[in-house]
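The residues making up each chain are set out below.
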Amino acid sequence: ISQVVFDPPAGRRVTVLWNAYDESLKVQVPKRGASAALVDKNGIQKPLSAGADGRYTVDLGAATVHGPEDPPGYHYIGGPPLIIVEQSVPAGAPIEAPRLDPSSS
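Residues numbered from 1 in each chain as written. Predicted model: local features only at pLDDT ≥ 70, side-chain atom pairs only at ≥ 80, totals over all residues. Heavy atoms only, no water.

**Student:** Let's hear about the overall build of the protein: which residues, and what values?
**Tutor:** What the protein contains, in helices and strands, is zero helices and eight strands. Helices and strands appear in the protein in the N-to-C order β-β-β-β-β-β-β-β. Taking 13 Å as the expected radius of gyration for a compact globule of 105 residues, we find that the protein reaches 14 Å, a close match to that expectation. Overall, the protein is about 45 × 30 × 25 Å in size when its C-alpha atoms are taken along their principal axes. Out of the 105 residues in the protein, the part that is buried amounts to 33%. Counting every atom, the protein has about 6,200 Å² of accessible surface; 55% of that belongs to carbon and sulfur. Charge-centre separation for the protein: the mean point of 9 positive side chains lies 10 Å from the mean point of 11 negative side chains. (Helix = DSSP H or I, 4+ residues; strand = E, 2+ residues; numbered from the N terminus. Rg over C-alpha atoms; globule rule 2.2 N^0.38 Å. Buried < 20%, exposed > 50% of the residue type's maximum accessible area, 1.4 Å probe, protein only. Areas by Shrake-Rupley, 256 points an atom, 1.4 Å probe, with all protein chains shown as cover. Lys, Arg positive; Asp, Glu negative; His and termini not counted. Charge placed at Lys NZ, Arg CZ, Asp CG, Glu CD.)

Put into structure tokens, the structure is as follows:
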């Protein structure tokens, strides 16, 4: 799983996620803000709610482009990115790596 996090001004956090492996993965990201939206690669937004454990769960599509030098299962062009846009994130809120959803193993 690859993750890039931006903390632009005004208490927002933008987290971009994508999958570099050849199978879809369900991952969890900790909730840090008061509300969030999930944005796909086409710009389509939908509200995102955290579970009782305080984490957002998202499904990351599989990657499809594998190079001859790539290790088994790895792809140099990842699956479709997903963007989590959170509002009202406290200053200095920690950044945590996404983790696999335990229900998907």
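After that view, the rundown keeps rolling.
**Student:** I'd like a description of the environment of P72, backed by residues and values.
**Tutor:** Note on placement: P72 falls in the loop between β6 (55-60) and β7 (82-87). As for P72 and D22, which are separated by 50 residues in sequence, their C-alpha atoms are 9.3 Å apart.

It is worth stressing that arrangement in space is one thing and function is another; only the former is reported here.
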